[in-house]
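Listed below are the residues making up each chain.
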Amino acid sequence: MTRSRASLLAEMLLLGGGCLALLFWIIPTQTSEGGFGLSPAFLPNILAAAILLLVLADGVLRLTARRPESAYPAGFGALARSLAVAGFGAIVLAYAGVAASAALTPAAGMLALGERRPLPVLATSALLGGAFWLVFR
Amino acid sequence: MSDLLLGFGDALTPVTILFVFLGVLLGYAIGVLPGLNRPAALAIAIPLSYYMTPLSAVAFLIGIAKASGAGGATTAVLINVPGEPNAAVTCLDGYPLARKGKARQALQAALYGSVIGDIVGTLALILLARPLANFALKIGPVEMTALMLLALTFIAALAGKSLLRGLAAGIFGMLVATIGLDIESGTPRMTFEQVELLDGVPLLAITVGMLALSEMVIQTEELFSQRGGAATPPVRTDASGDRFGWGEFRHVLPTIMRSSVIGTAIGIIPGLGPSVASFASYGIAKRFARPGERYGEGELKGVAAAETADNAVVPASFIPLFALGLPGSVSAAILIAALTVHGVIPGPRLFEEHGRLIYGIYGTMIVAALLMLVVGRVGLVAFAQLTRVPAAVIIPVVTMLCVVGAYLEVHSLFAVWVMIGFAALGYLMHRFDYSRVTFLIGFVIGPQFELSLRQTLIVTDRDPAALLGHPIALAILAVAALGALFSLRGGSRALSSGDAV
C-alpha cells in the first residue's frame, strides 16, 4: 500500500492551515505589544512563517516526486486506547492520589491491551500500588 | 585543579556510586525489556531524580543512558528483536551466532565492546569539552546564532527521513518554546490566559509525553499489528562450548578500537547519533574483513563493531552539550532537562560556574562504564530472562510511570494533561514522519536561540550587510547551507538508514 496523492494533499493543507491560523489568528490575539525593544510576536511570527514555507515546499516536492511512499498505519485505535488509559490514570490521580493511580492505571492498561487473566492483572496492580503507597504515604 | 579533585572525590562517594549502580541496573533491565528504548527510559527516569542531588541525578541518568544501550544487544542477539534502531545492526550477526549456539560469545563481545567504546568516548569528552568551551566563550551572539542554526540543520537532516520535515519539526519546537513570558518585555505570549503557562510549557511534561508515552502508543500499535504473527524463537544461553576467552577477545579487539574512534567522531557531530554510528562502524568493519570472515552470517566482529560504536556515541554527544549548550542527541537533550530541574544551565560557562559538578559527572561516567562491565558480566543470564516479560505488561506500567512522573514535577494535574497532549502530538508526528527528536532539541535550544537572535539584531543594527564583519558566523552558515543542500540531494538517506525517534 502506498500513500495516495489525496492524503499527501490533505496533510499539506492541514499543516498549512494550522500555520495560517497561527499567523493570522492565534499569535495576534495571544501576544501584546511589549512597549519597548522587539515585539513579543516577532519570533513566533518568523517561526510560523518558516514552518509554513517548509511544509509547502515539502508538500510540493512529495507531490511532484515519482517515488511512492508507504501508507499511513491504519486507524487510530492504539492512540485512542493509550490516551484513554493515561487520561483514566490522571483522573484517578486527581481524586484518589498517587498510589491509587499506580495501582489502577496498569490494570486498566492491561485490560485495554487484551489481557484477561485475573492473576497477572491483580498481581501487577497490587505490586505497583503497594510500592507507590510505601513511598508516597 | 581543586575542582577536578573535588569533583572526582564526589563521584567516588558511596552514595553517588550507589545511584550510578542503580542507574546501570535499571538501564540494563530497560534495555533488555522489549519495546523500551533509551530516550523513553531516560524520560521516565527524570521524575525519579527529583529528590536527588544534581550529581546523583545526573549519575543515575548517565547509568541508565549507558547501560540501556548495552542491554539492548540482549534482545537483538537472543530473539532477533532490536530494542532500538541502532541494535538492528547487532541482529545481523548476533542472532545467527545465537542460532549456532554462541549466544554467550555474542553477548560478551557486545558487552566488552560497549564498555571500551564508552570509555574511549568519555576520554574524548574529558579532553575536548573544556577547550571547546573556552573557544565558545570568545564567540559572540552572531556566531552563536549561526552555530545553533547549523546544529538544527544537521539534526533535522539526519534524525528524520526528510530535511524539510525535520527543520519544520525543529522550528515548531522553537515556536512552542516561545510560549510564556516574553524575555524582553515580560508580557505574556500565547499563554491562553493559563497561569501555569506563564513559566512556559513544562519541559519534563513535553519530554515524557513526546518520548515515553508516544512511544507506548507506537508499541501498542505494533502489538496489535503483530498479534497472530509467528514470533521469533528465543535462543538458549547455556550451550556448551560457548565461551568468550582471551582468544576471542584478541580477535575482536582491533575492531573494537576502530569502532570506538568511529563512534566517538560521529557522536561529536550533532544529530548523527547511534544509528549512523552503528551502521557506519559495521560497514567499515565489513570492508576490513579478512578472508573467511562472513559478516551477516554470525561474525563476532560484526556484533562488536555495532555495539562499540553505539556506546561511544553517548559520551561523545555530551561534548557539544557541555561546551556549547547544544544537545547533540536526544540523550543530551534529556540531560538538559535533568540539569535544568536542578538549576544548572549547560553552556560555555558551565566549567566556570559548576566546575566541580562537571568533573564529578566525568568521574561518574567512568564509574558507570566499569559498573556496566560488572553488572553486564554477572547478570548476563538473569537479564536474558527479562526478554520474556510481555508487552501487555510493560506498556501499561510505563504509561502509569509517565502519568505519575509528569505529576510529580510540580504536583500539578496541568502538567499531566500537557504530557498527554504532547504524547498525542508525538504520535501524530511519528505517523506523518516528523522527527520528535528534532522537535525536542528545537524546544530545548529555543530560549537560547531567541536571546542570541535578539542580541544579533542589536549588534548588527538589523543590517544584513553587517554580517560581513563576522566571517566565522558566515562560514558556519555556509556549512549549514551546504549540509542542507547535500541532504536535499539525498545524501542523508544514505547516511541514516535507520530513523532514531
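Conventions and cut-offs
- Residues numbered from 1 in each chain as written.
- Chains lettered and ligands numbered in written order.
- Predicted model: local features only at pLDDT ≥ 70, side-chain atom pairs only at ≥ 80, totals over all residues.
- Helix = DSSP H or I, 4+ residues; strand = E, 2+ residues; numbered from the N terminus.
- Buried ≥ 20, exposed ≤ 12 C-beta atoms within 10 Å, placed from the backbone.
- Contact = placed C-beta atoms within 7 Å.
- Rg over C-alpha atoms; globule rule 2.2 N^0.38 Å.
- Domains from an automatic or database assignment.
- Expected span 1.5 Å × (residues − 1).
- Core = buried A, V, L, I, M, F, W, Y, C linked by C-beta atoms within 7 Å.
- Nonpolar A, V, L, I, M, F, W, Y, C, P; charged D, E, K, R; others polar.
- UniProt positions renumbered as here; feature names shortened; annotations may be inferred.
- pLDDT = per-residue confidence, 0-100.
- Axes fitted to C-alpha atoms, helices over the stretch in contact; angles between N-to-C directions.
- Left-handed = near helix turned anticlockwise from the far one by under 90°.
- Bend = angle between axes of the 7 residues up to and from the residue.

Chemist: I keep staring at the overall build of chain A and nothing clicks. Help me out?
Modeler: When you go through chain A residue by residue, the secondary structure sums to five helices and zero strands. Taking the principal axes of its C-alpha atoms as reference, chain A extends roughly 55 × 55 × 20 Å. A burial count over chain A gives 32% of its 137 residues as buried. Residue pairs at least 24 apart in sequence account for 56% of intrachain contacts in chain A once pairs closer than 6 positions are excluded.

Chemist: In this structure, what is going on with the overall build of chain B? I would like to understand it.
Modeler: For chain B, the count of helices and strands is 22 helices and two strands. By the compact-globule yardstick of 23 Å for 501 residues, chain B fits well, its C-alpha radius of gyration being 22 Å. For chain B, the C-alpha atoms occupy an extent of roughly 75 × 50 × 45 Å along the three principal directions. With 501 residues in all, chain B has 61% of them scored as buried. Taking contacts inside chain B between residues at least 6 apart in sequence as the whole, the part at least 24 apart equals 81%.

Chemist: What should I look at first to understand the domain arrangement of chain A in this one?
Modeler: The accessible area lost on association of the parts is a frequent measure of interface size. Domain annotation of chain A identifies domain 1 (5-64) and domain 2 (77-136). Using C-alpha coordinates to define each centre, domain 1 of chain A is positioned 39 Å away from domain 2 of chain A.

Chemist: I would appreciate a short explanation of helix α18 (residues 391-410) of chain B in the present structure.
Modeler: Given 3.6 residues to a turn, an α-helix orients residues that are three or four positions apart in the same direction. Residues and elements named next belong to chain B. The terminal C-alpha atoms of α18, which comprises 20 residues, lie 30 Å apart, in line with the 28 Å expected from a rise of 1.5 Å per residue. Of all 20 residues that make up α18, 16 are buried, and the element is covered over most of its length. With its phi angle positive at about 50 degrees, histidine 411 sits one or two positions after the end of α18.

Chemist: Just to check I follow, could you spell out the nonpolar core for this structure?
Modeler: Soluble, globular proteins show a tendency: their nonpolar side chains are buried together. Formed by 217 residues in total, the largest nonpolar core has its most connected members in Leu61(B), Val77(B), Val208(B), Cys402(B) and Met419(B). If you count residues domain by domain, this core takes at least three from each of domain 1 (5-64) and domain 2 (77-136) of chain A. Ignoring sequence-local partners within four residues, the contact set of Val208(B) consists of Ala43(B), Ile44(B), Leu213(B), Cys402(B), Gly405(B), Ala406(B) and Met419(B).

Chemist: What am I meant to see in the interface of chain A and chain B here?
Modeler: At the interface, 50 residues of chain A touch 48 residues of chain B. If you list the elements that add at least two residues to the side of chain A that touches chain B, you get α1 (5-30), α2 (42-64), α3 (77-96), α4 (98-112) and α5 (118-136) of chain A. Per-element tally for the side of chain A that touches chain B: the top contributor is α3(A), with 13 residues. Across the side of chain A that touches chain B, the residue classes tally to 31 nonpolar, 15 polar and four charged.

Chemist: Please explain the environment of Ala285(B) as it appears in this structure.
Modeler: All names here are of chain B. Positionally, alanine 285 belongs in helix α11 (residues 273-287). For alanine 285, a count of 29 C-beta atoms within 10 Å translates into the label buried. Beyond its immediate chain neighbours, meaning those up to four positions away, alanine 285 contacts Thr255, Ser259, Lys301, Gly302 and Ala305.

Chemist: Looking at this structure, how should I read the UniProt feature "transmembrane region" (unreviewed entry) in chain A?
Modeler: Under the present numbering, the feature "transmembrane region" (unreviewed entry) in UniProt falls on residues 7-27, 42-61, 82-107 and 119-136 of chain A. As annotated, residues 7-27 of chain A has a helix share of 100% and a strand share of 0%, and its two end C-alpha atoms lie 28 Å apart.

Chemist: Where do I start with the confidence of the model for chain B in this structure?
Modeler: Regions with low pLDDT should not have their predicted coordinates read in detail. Residue and element names in this part refer to chain B. Taken as a whole, chain B shows an average pLDDT of 84; of its residues, 92% reach a score of 70 or greater. Confidence drops under a pLDDT of 50 for residues 491-501, and excluding neighbours within four residues, the segment shows 30 contacts in the predicted structure. Model confidence for the complex: the whole-complex pTM is 0.81, and ipTM, which rates the interface, is 0.93.

Chemist: Which parts of the structure should I look at to understand the packing of helix α10 (residues 246-268) of chain B against helix α12 (residues 300-316) of chain B?
Modeler: Relative orientation and spacing of two packed helices are given, respectively, by the angle between their axes and the distance between those axes. Residue and element names in this part refer to chain B. Interhelical geometry of α10 versus α12 gives an angle of 35 degrees and a closest axis separation of 7 Å. Considering the relative orientation of α10 and α12, their crossing is right-handed. Classifying every residue of the contact of α10 with α12 gives twelve nonpolar, nine polar and three charged.

Chemist: What exactly am I supposed to notice about the environment of Arg349(B) here?
Modeler: All names here are of chain B. Considering the arrangement of structural elements, one finds arginine 349 in the loop between α14 (330-341) and α15 (350-353). The class for arginine 349 is partly exposed, based on 13 C-beta atoms found within 10 Å. On a C-alpha basis, the gap between arginine 349 and tyrosine 434 in space is 33 Å, while along the polypeptide they are 85 residues apart.

Chemist: In this structure, what is going on with the confidence of the model for chain A? I would like to understand it.
Modeler: Confidence in the prediction of chain A, expressed as mean pLDDT, is 90, and 99% of residues score 70 or more. Per-element confidence in chain A is highest for α4(A), whose mean pLDDT is 95, and lowest for α5(A), whose mean pLDDT is 91.

Chemist: Can you help me understand the packing of α11(B) against α12(B) in this one?
Modeler: Residues and elements named next belong to chain B. Contact geometry of α11 with α12 gives a least axis separation of 8 Å together with a crossing angle of 145 degrees. With respect to the hand of their crossing, α11 and α12 are arranged in right-handed fashion. On the side of α11, the interface is formed by Gly273, Pro274, Ala277, Ser278, Ser281, Tyr282 and Ala285, while α12 contributes Lys301, Gly302, Ala305, Ala306, Thr308, Ala309, Asp310, Ala312 and Val313.

Chemist: How should I be thinking about α10(B) in this particular structure?
Modeler: All names here are of chain B. Across its 23 residues, α10 extends 32 Å between first and last C-alpha, which sits within 8% of the 33 Å expected from 1.5 Å per residue. Of all the bends in α10, the largest measures some 40 degrees and sits at valine 252, one to four residues before the proline proline 254. Of the positions making up α10, those classed as buried are Val252, Thr255, Ile256, Ser259, Ser260, Ile262, Gly263, Thr264, Ile266, Gly267 and Ile268. Lining the buried residues of α10 we find α6 (103-138), α11, α12 and α13 (318-324).

Chemist: Explain the environment of Tyr407(B) to me, please; I cannot follow it from the model alone.
Modeler: Mapping Tyr407(B) onto the fold places it in helix α18. Sequence separation of Tyr407(B) and Ile79(B) is 328 residues, and the distance between their C-alpha atoms is 36 Å.

Chemist: What is the right way to look at unusual backbone geometry in this model?
Modeler: Of all residues except glycine, most have a negative phi; of all peptide bonds, most are trans. All names here are of chain B. The backbone of aspartate 461 sits at a positive phi, close to 55 degrees, despite the residue not being glycine. Here arginine 462, not a glycine, exhibits a phi torsion of approximately 55 degrees, which is positive. Relative to the assigned elements, arginine 462 resides in the loop between α20 (436-459) and α21 (471-488).

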